[in-house]
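# Architecture at a glance
In case you want the letters, here they are:
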Amino acid sequence: MPSSSLKLDSLLEPANRGNWKAVLDGLLVAWRAAPHTALADRIVTVGQKLSGDIPPPKDWDALAKKPEAAKLTTLLAALLDKGSVKGRGRLETLADWPEDPRIDRWVASRFVDPPFTSSSASPFWTRLAPLAHRVRDAQAASAMLKARSDYDARASFGTLLTGHINRIRAQLEDAKDAELQADDVKVLAELDTALQEAAPPKPRSAADAETLLAQVLAKPEDEEARAVLADVLLEQGHPRGELIALQLEATRRTLTATERKRERELLKSARKELLGPLDEVLKPDCVFTRGFLSHAALKQGSARAIRSAIQKTAGHPLWATVEHLEGRGDYDITTHPVMKSLRSLANSEVMTQTLAKMPWLESLAMRGALDQWTELGQDPSAFPALRHLDIFLFLGWVSDFLATPLVSRLERLQIRIYVGAQVSSTELEFLSLVPTLKVPEITFRLVRNDTKDWSCGFRFVREPSGKHAVHLFTTTMNEPYEQLVRDDLLAGLEQIARLERSKLTMAHRLRSDVKAEVERRVKALGGTLET
């Protein structure tokens, strides 16, 4: 369809005045009359500009109640933040909004990278179907058709999504760009210029800051480079500059209460700016050191979208300062060369045999009992830098593992032992090996319920005298498990009674009557109870 009726030149005056809401409304009128990718691209760009003035919604439904084009980009970004069930109602709300290429492209991206693929997610896709039926944006339509050809026909969700696209396939194939006249193309170019001019100007030192940032990420250990970067960023008003300065100062002296408060404020208010794309895949409890991310935990879940988002961040330069990473789905991140600061892993998805070959790994915590630990422990080339280890074993494997050379190289070891039936004192004879071990600190935790962490433990710390300080502890659990844990503690105390030790302490969370017997036994051995 010819575009002479679009009257795009009428948008230049509000653009020059900075009235981007009016520009957005005008572009939408033109796109609905004659859809074109060039128009859709500008709608997306202007929508992103306006979204910077709208904070993430605390009440999505209230914000979406009245259709306002300026709000849509913000609403789409948060539409699935409460999961698929809440998302169903939000999709129904969005179906009452006028057509918009941003909706089309958001819908297409769900089909390209499905966020929910379990059988229980079928109602979500049913609610998404009406929005898919409205797709007119050529780019979105093409993406959906390509996604259809990529689905795994053997997977049930692949069949489900293929069916949804098949029902609108003809419509998607017909989604073509309308004709734009030369005058319209010229106006769009002038709008682009106005958008660029309206963008916040880069400070004079922006190029310097980018160069210095690259230098810091290339050599994360260089504190002088961080200090220089902080000066430049402070001139620009970038929050990382202040954070670097505060945290570098904290390495020289104790921060004041006011400074610590400001540090917390920066970490809370500027998290997205500090983390960039990493923000979308990390749990809230991140740690920053000298202005950069140092300790992080990946979001967990079965949704394909989470794992896909994590994989997309692999190799991002901001990973370069991370020293500790926790969570499954980390393979592409952990094994990437950019991870030059990484020293510690917890619950990694990387194979243990692969981890054993990593020369930089100093600390490792792994879930799941693996029968190759004794074999790896015997290999002198395995885990050359490892100093701290936290693993799961079965009772019968513990003594053999303790005899391996790897244990003698460790500074701290925790062995979580799966136990089911009643444990006898004889089965805990490995406790008698502690005085012969070189590891300065070792903890044996008897795990009755891994999911809920119902367990008790025995921690041995070698003191300068060569004797061990022994500490007993429990987690909180229900009463039937307390009876089992009582027996575990008493069995362990039988072995501990035979050891020469400097002191014996216990801090438990037992609430039922079983605690009295354990307390009496600890006191009989000269131990003390801690609260």
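Criteria and cut-off values
- Residues numbered from 1 in each chain as written.
- Predicted model: local features only at pLDDT ≥ 70, side-chain atom pairs only at ≥ 80, totals over all residues.
- Heavy atoms only, no water.
- Helix = DSSP H or I, 4+ residues; strand = E, 2+ residues; numbered from the N terminus.
- Contact = heavy atoms within 4.5 Å.
- Pairing = 2+ DSSP bridges.
- Salt bridge = Lys/Arg side-chain N within 4 Å of Asp/Glu carboxyl O.
- Core = buried A, V, L, I, M, F, W, Y, C linked by side-chain atoms within 4.5 Å.
- Buried < 20%, exposed > 50% of the residue type's maximum accessible area, 1.4 Å probe, protein only.
- Lys, Arg positive; Asp, Glu negative; His and termini not counted.
- pLDDT = per-residue confidence, 0-100.
- Expected span 1.5 Å × (residues − 1).
- Phe/Tyr/Trp six-rings, centres within 6.5 Å; stacked < 30°, edge-to-face > 60°.
- Lys NZ or Arg CZ within 6 Å of the ring centre and 35° of its normal.
- Polar contact = N/O pair within 3.5 Å; in protein donor to acceptor, adjacent residues only side chain to side chain.

Within the secondary structure layout, glutamine 414 lies in strand β7 (residues 412–418). Apart from the residues lying within four places of it in its own chain, the contact partners of glutamine 414 are Leu389, Asp390, Ile391, Thr443 and Arg445.

Here we take up the sheet that holds strand β12 (residues 528–529). Two modes of strand pairing occur in sheets, parallel and antiparallel, and in both the strands are linked by backbone hydrogen bonds. Strands sit in the order β1-β2-β3-β4-β5-β6-β7-β8-β9-β10-β11-β12 across an open sheet of twelve strands; the sheet is mixed. For this open sheet the edge positions go to β1 (287–289) and β12, each flanked by a neighbour on one side alone. In this structure, strand β2 (residues 292–297) lies alongside strand β3 (residues 324–326), joined through three bridges in parallel fashion. Bridge pairing in β3 links alanine 297 to glutamate 326.

Throughout the structure, instances matching the rule amount to 30 salt bridges. Residues glutamate 265 and arginine 262 are paired through a salt bridge, measuring 3.5 Å at the closest nitrogen-oxygen approach. Taken together, the positions of glutamate 265 and arginine 262, both in helix α16 (residues 257–269) and three residues apart, correspond to about one turn of that helix. In this structure, arginine 416 and aspartate 390 form a salt bridge, with 2.8 Å as the shortest nitrogen-oxygen distance. Here arginine 416 is found in strand β7, whereas its partner aspartate 390 is found in strand β6 (residues 388–394), with 26 residues between them in sequence. What you see here is one network of salt bridges that share partners, running through Glu249, Arg252, Arg253 and Glu259.

A word on the nonpolar core. General note: in soluble globular proteins, nonpolar side chains tend to be found buried as a group. Counting residues in hydrophobic clusters, the biggest one holds 94 residues, and the most contacted among them are Trp319, Phe383 and Phe444. Of all the elements, helix α24 (residues 479–496) adds the most residues to this core, at six residues. Ignoring anything within four residues of it in the chain, the contact list for phenylalanine 383 reads Thr352, Leu355, Ala356, Leu361, Leu364, Trp373, Leu376, Leu406 and Arg409. Of all hydrophobic cores here, the second largest spans 35 residues; its members include Leu91, Phe124, Ala132 and Ile165.

Counting through the fold element by element, leucine 145 comes out in helix α9 (residues 138–150). The spacing of leucine 145 and leucine 91 is 54 residues in sequence and 21 Å in space, taken between C-alpha atoms. In contact with leucine 145, not counting residues within four places along its chain, are Ile165, Arg169, Leu172 and Glu173.

Here glutamate 519 is to be found in helix α25 (residues 515–524). The buried charged residue glutamate 519 lacks any salt bridge, with lysine 523 as its nearest oppositely charged partner at 5.3 Å. Excluding anything up to four places from it in sequence, glutamate 519 contacts His508 and Leu529.

Now for the confidence of the model for the chain. For the chain, per-residue confidence averages 92 on the pLDDT scale, and residues scoring 70 or more make up 97% of the total. Predicted confidence for residues 1–5 stays below pLDDT 50, and this span has eleven contacts to residues more than four positions away or in other chains.

This part covers helix α7 (residues 101–112). Over its twelve residues, α7 runs 16 Å from end to end, which matches the ideal 16 Å to within 8%, given 1.5 Å per residue. Across the twelve residues that make up α7, a large majority, ten, are buried. Buried within α7 we find Pro101, Arg102, Ile103, Asp104, Arg105, Trp106, Val107, Ala108, Arg110 and Phe111.

Another aspect to go through is the packing of aromatic side chains. All chains considered together, the criterion is met by eleven aromatic pairs. For the ring pair phenylalanine 116 and phenylalanine 124, a centre distance of 5.0 Å and an interplane angle of 75° mean the geometry is edge-to-face. Among the residues examined, phenylalanine 116 registers a relative accessible area of 16% and is labelled buried. One residue, arginine 136, lies across the ring of tryptophan 31, its end atom 5.7 Å from the ring centre. Over the face of the ring belonging to phenylalanine 292 we find arginine 240, whose NZ or CZ atom lies 4.4 Å from the ring centre.

Let's shift gears to the environment of serine 465. Here serine 465 lies in the loop between β9 (454–462) and β10 (468–474). Separated by 3.3 Å, the side chain of serine 465 and the backbone nitrogen of lysine 467 make a polar contact.

Now for the pairing of β10. Most of β10 is tucked away: seven of the seven residues are buried. Going residue by residue along β10, you find His468, Val470, Leu472 and Thr474 tucked away on one face and Ala469, His471 and Phe473 tucked away on the opposite face as well. Alignment of β9 against β10, held across seven bridges, turns out to be antiparallel. Its bridge partner being in β10, phenylalanine 460 is matched across the sheet by valine 470. Connecting the antiparallel pair β9 and β10 is a turn made up of five residues, with glycine 466 showing a positive phi of about 95°.

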